[in-house]
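# Coordinate analysis (summary)
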Amino acid sequence: MKGSKILSLIMCSGILAVASVVLTIDSINHNKKTISEPANMAQLLDSSKKIGSIEIRDAIEVEIDTALPDASAFTNVEADVVYPSDIYKEVYKNHLDEDVSKEEAVENNLLKEEYTKQLITTRLGQFDVTIKIADDEFKSIVFITDNNAPELVVKELTINANETYDINSFVEECKDNSNETCSLSYKDEKMASYKNEGSYEIIVVAKDSSNNKVEMGTTLTINKQAEKTNTPGNQNKPGTPNTPSTPNTPSTPNTPSNPTTPSNPTTPSNPTTPSNPSTNDPPTNQDPPSNPDPPPTPDPPPTPDPPTPSVYVPSSGEISSTIASGQPYFGTLLSITNEYRAEAGVAPLTNSDYLNRVATLRVIEIAKNNHFSHTRPDGRPWNTAYTDIGSHSFYIIGENLAAYQTTPAQAMQEWKASPGHFNNIINAQYRYIGFGVIKYEGKWYWVQTFGG
């Protein structure tokens, strides 16, 4: 599309190569059904099938990040429960942080004990399961829900009257058991705009996507703006040469004249000679008075170095809040990316929180510094964003950039149309992906980061 642009890079064993990729963003949907009416879930949780003395529950509810139950949670008789394979793809990982199947986890003696203890649910949603009783199979449902509010830790803040603040300034930490980014807000909108000197109560509200929320109070202190103090005397700032003043003429003794500027020093005029000397004139055998030496010409002021353009560096809090605002698009981006990979016959990618932070750091600095490049605004290469976020164990990493596309699908289409970007998307060596999305000054920016 005219007016948009895309960039992509890949790094393997320290060697850079240009590549291309596509990027889109909306909401995750992998073999999940949407629970549109909570009443339906409640009804299913209270209902069951009865076959003689056998009872099979139509649904059970499991809190996210807890153990998946065995068959006894579904029925009153001996049975086997078969969870869908996509749950295990999310849950089971080996010591290299690679996805493995349930069968591999159980068959590998090194993994069996660990994963037997750590069967955890990792995604909110509704999953169909199969209950096997003898030779018969029955369907049931597992609702993975989040009923716990985020854990919020706040801190006090002290600023001067001319300084600004945002809600992230008050948050030390916010964690949710669903591993999602907390949605932060003030309890009262006026808390976002205090300006006058004083102490104010701030109440931060943290909420997750399941609408669980917690409130914590803290204090904002605004100090009076420091008054500017005059420098005593006529001292010059360091580096500024002293300005010579013009000498006084005899007609106006002891009256200092205005100083001249260093660039045009004034040469003092000769003192006037009295036209009618009196008897008190000096003897003629004395030398006539000589003209005073002119004051030394000052060195010109040094030419200052051109100012270094300031580089906008996002804070950790801004990265978190930008992830939260862009997250509604992540699912669509992941879905389209994995569709392309499936068509190419390669395994799907898993979204990584770490790579989301790397991608979001990059998308903010690209947009707010107006610097669309794989070289970062401060001159460092793109891959340094990974280490800025934290250490990692990837042996291959990559990056795709796009700008000015108005929808995620549009960005993805342009990446797909570019062979280099598309090769990056379907690279079988990648296993994880992150996304960065921002709308800044009316323009959209998109970043994909890869790791394998």
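The text that follows walks through the structure, step by step, so that each part is easy to find. (Residues numbered from 1 in each chain as written. Predicted model: local features only at pLDDT ≥ 70, side-chain atom pairs only at ≥ 80, totals over all residues. Heavy atoms only, no water.)

Now for the overall build of the protein chain. Secondary structure summary: the protein chain contains nine helices and 18 strands in total. Taken over 452 residues, the protein chain has a buried fraction of 40%. Summed over its atoms, the accessible surface of the protein chain is roughly 26600 Å², and 49% of this surface lies on carbon and sulfur atoms. (Helix = DSSP H or I, 4+ residues; strand = E, 2+ residues; numbered from the N terminus. Buried < 20%, exposed > 50% of the residue type's maximum accessible area, 1.4 Å probe, protein only. Areas by Shrake-Rupley, 256 points an atom, 1.4 Å probe, with all protein chains shown as cover.)

Turning to the sheet that holds strand E7 (residues 125-133), a few remarks are in order. Spatially, four strands are ordered E5-E8-E7-E6 in an open sheet, and the strand pairing comes out mixed. With partners counted over all chains shown, the strands left at the sheet margins are strand E5 (59-63) and strand E6 (80-82), one partner each. Across the sheet, the mean angle from the axis of one strand to that of its neighbour is 35°, orientation sign disregarded. Alignment of E7 against strand E8 (residues 136-145), held across nine bridges, turns out to be antiparallel. Residue pairing across strands places threonine 130 opposite lysine 139, the latter belonging to E8. (Pairing = 2+ DSSP bridges. Axes fitted to C-alpha atoms, helices over the stretch in contact; angles between N-to-C directions.)

For the pair helix H5 (residues 316-344) and helix H8 (residues 408-417), interaxial distance at closest approach is 10 Å and the crossing angle is 30°. What the angle tells us is that H5 and H8 run roughly parallel. As H5 runs across H8, the sense of the crossing is right-handed. From H5, Tyr329, Leu333, Ile336, Thr337, Tyr340 and Glu343 reach across to H8, where they touch Pro408, Met412 and Lys416. (Parallel < 35°, antiparallel > 145°, perpendicular 65-115°, else oblique. Left-handed = near helix turned anticlockwise from the far one by under 90°. Contact = heavy atoms within 4.5 Å.)

Relative orientation of the contacting elements H5 and helix H6 (residues 353-368) amounts to 100°, with a least axis distance of 9 Å. Accordingly, the angle class assigned to the pair H5 and H6 is roughly perpendicular. Of the residues in H6, those touching H5 at Ser316, Glu318, Ile319, Ser320, Thr322, Ile323 and Phe330 are Asn356, Arg357, Thr360, Leu361, Ile364 and Lys368. Per-class residue counts for the contact of H5 with H6 are five nonpolar, five polar and three charged. (Nonpolar A, V, L, I, M, F, W, Y, C, P; charged D, E, K, R; others polar.)

A word on the state of the cysteines. Taken as a whole, this structure holds one disulfide when the rule is applied. A sulfur-sulfur separation of 2.1 Å characterises the disulfide bridge that pairs cysteine 174 with cysteine 182. Around the S-S axis, the bridge from cysteine 174 to cysteine 182 shows a dihedral of about -95° and counts as left-handed. Summarising the burial analysis for this pair, cysteine 174 and cysteine 182 share the class buried. (Disulfide = S-S within 2.5 Å.)

What follows concerns the packing of aromatic side chains. Tallying each qualifying case throughout the model produces 14 aromatic pairs. Between tyrosine 340 and phenylalanine 422, the aromatic rings sit 5.9 Å apart at their centres with planes inclined by 65°, giving edge-to-face as the arrangement. Placement of the pair is tyrosine 340 in helix H5 and phenylalanine 422 in helix H9 (residues 419-425), with a sequence separation of 82 residues. The buried category is assigned to tyrosine 340, whose relative accessible area is 9%. (Phe/Tyr/Trp six-rings, centres within 6.5 Å; stacked < 30°, edge-to-face > 60°.)

The next thing to look at is the nonpolar core. Tyr340, Tyr386, Met412, Tyr445 and Trp446 are the most contacted members of the largest nonpolar core, which totals 44 residues. Of all the elements in the fold, those that place two or more residues in this core are H5, H6, helix H7 (384-389), strand E16 (396-403), H8, H9, strand E17 (432-440) and strand E18 (443-451). With nine residues, the single largest contributor to this core is H6. Residues Phe170, Ile203, Val204 and Leu220 belong to the second largest nonpolar core, which totals 21 residues. (Core = buried A, V, L, I, M, F, W, Y, C linked by side-chain atoms within 4.5 Å.)

A separate point is the sheet that holds strand E10 (residues 157-160). Reading across from one edge, E10-E14-E13-E12 is the order of the four strands in this open sheet, with mixed pairing throughout. The open sheet has two edge strands with one neighbour each: E10 and strand E12 (183-186). On average, adjacent strands in this sheet sit at an angle of 30° to one another, irrespective of strand direction.

Here isoleucine 144 shows up in strand E8. For isoleucine 144, a relative accessible area of 3% translates into the label buried. A sequence separation of 79 residues divides isoleucine 144 from aspartate 65, and the C-alpha atoms of the two residues are 9.0 Å apart. Apart from residues lying up to four places away in sequence, isoleucine 144 is in contact with Val62, Ile64, Thr121, Arg123, Leu124, Gly125 and Phe127.

Here we come to the pattern of salt bridges. By the definition in use, this model includes twelve salt bridges. The salt bridge involving arginine 380 is made with aspartate 378; its shortest N-O contact spans 2.9 Å. Looking at arginine 380, the relative accessible area reads 31%, which means it is partly exposed. On the basis of relative accessible area, aspartate 378 is assigned to the partly exposed category, the value being 42%. (Salt bridge = Lys/Arg side-chain N within 4 Å of Asp/Glu carboxyl O.)

Right, let's talk about the pairing of E10 for a bit. The alternating pattern of E10 places Leu157 and Ile159 on a buried face, while none of Thr158 and Asn160, on the opposite face, is buried. Pairing geometry for E10 and strand E14 (residues 213-223), over four bridges, is parallel. Residue pairing in the sheet places isoleucine 159 in a bridge with isoleucine 222 of E14.

Any functional reading would require information that these geometric values do not contain.
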